[in-house]
Amino acid sequence: MTYQEAFITFMVKSGVLTFGDFVTKSGRRTPYFINTGNYKTGAQAAKLGDYYAACIQENLPDRVDCLFGPAYKGIPLAVAAASSLFRNYGRDLPYCFNRKEVKDHGEGGLLVGYQPKDGDRVVITEDVVTAGTAVRETIALFQRVAKVDLRALVVSVDRMERGTGERTTLNELREDYGIAVYPIVTVREIIFFLHNRPIDGTIYIDDAMKVRMEAYLQTYGGK
């Protein structure tokens, strides 16, 4: 089993990847939902970090100076990924995250943890990017911190939905900002792997669910 297939299984068993009838923040009615807020144990955090680390090691084996986790959901992702990169690959990368409000006392500042400097190559860790708002805010934030190279964005799942135009949100970020984007898995990979494949005796994507998911991509999918 590849780490991508193991990650899909892990999301299902953790109750993070669910199927049914949901409405996204953008108002789209979707047959599946990814809620990373359902990760809640130390074991899950350790495994989650392993999957992010595997994706980073595969796509960014060198030339990374810092991991950045946008508040709030990106924070544990950066910490878990940094821990796993050290534990599994011997890469001791610093990490940082932003405050929602600038601290005006003590050490102050926008960022907690490592303080990036000019020329640093930064990798952003996010969960699921829908509209790309948090990433665009991160780009604007770093313009106030240092002249860093925002080298890449690593996300758990590419929903492959269009953003503001006809392109997918992730392709918009790639093309508009020149940032590389690496999802651990795509929704197409989820469909392919889970279709009529039982997880602990339950089939989550049967023929009917596959039809619904394909119809959703036909309606909202991007280029």
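In short, a report on the structure. From a predicted model like this one, the values you see are computed outputs, not experimental measurements.

### A short note on the pattern of salt bridges
Here is step 1: Taken as a whole and judged by the stated rule, the model has 12 salt bridges.
Here is step 2: One salt bridge connects glutamate 214 with arginine 188, and the closest N-O pair in it is separated by 2.5 Å. One end of the pair, glutamate 214, is in helix α7 (residues 207–220); the other, arginine 188, is in helix α6 (residues 187–194), with 26 residues separating them in the sequence.
Here is step 3: Glutamate 214 gets classed as partly exposed once you look at its relative accessible area, which sits at 26%.
Here is step 4: Given the relative accessible area of 39%, arginine 188 is considered partly exposed.

### Considering the packing of α6 against α7
Here is step 1: It is the contact of α6 with α7, at a shortest axis distance of 11 Å, that shows an interaxial angle of 165°. Accordingly, the angle class assigned to the pair α6 and α7 is roughly antiparallel. The way α6 lies across α7 gives a crossing that is left-handed. Residue-level inspection shows Val187, Arg188 and Ile191 of α6 in contact with α7, the latter providing Lys210, Met213, Glu214 and Leu217.
Here is step 2: Residue composition of the contact of α6 with α7, grouped by class: 4 nonpolar, no polar and 3 charged.

### As for unusual backbone geometry
Here is step 1: Residue tyrosine 72 is bonded to the preceding alanine 71 through a cis peptide linkage, with omega at 5°.
Here is step 2: Its location among the elements puts tyrosine 72 in the loop between β3 (66–69) and α3 (74–89).
Here is step 3: The phi torsion at methionine 160 lies on the positive side, around 60°, for a residue other than glycine.
Here is step 4: Following the sequence through the fold, methionine 160 ends up in the loop between β7 (149–158) and α5 (169–177).

Conventions used here
- Residues numbered from 1 in each chain as written.
- Predicted model: local features only at pLDDT ≥ 70, side-chain atom pairs only at ≥ 80, totals over all residues.
- Heavy atoms only, no water.
- Salt bridge = Lys/Arg side-chain N within 4 Å of Asp/Glu carboxyl O.
- Helix = DSSP H or I, 4+ residues; strand = E, 2+ residues; numbered from the N terminus.
- Buried < 20%, exposed > 50% of the residue type's maximum accessible area, 1.4 Å probe, protein only.
- Axes fitted to C-alpha atoms, helices over the stretch in contact; angles between N-to-C directions.
- Parallel < 35°, antiparallel > 145°, perpendicular 65-115°, else oblique.
- Left-handed = near helix turned anticlockwise from the far one by under 90°.
- Contact = heavy atoms within 4.5 Å.
- Nonpolar A, V, L, I, M, F, W, Y, C, P; charged D, E, K, R; others polar.

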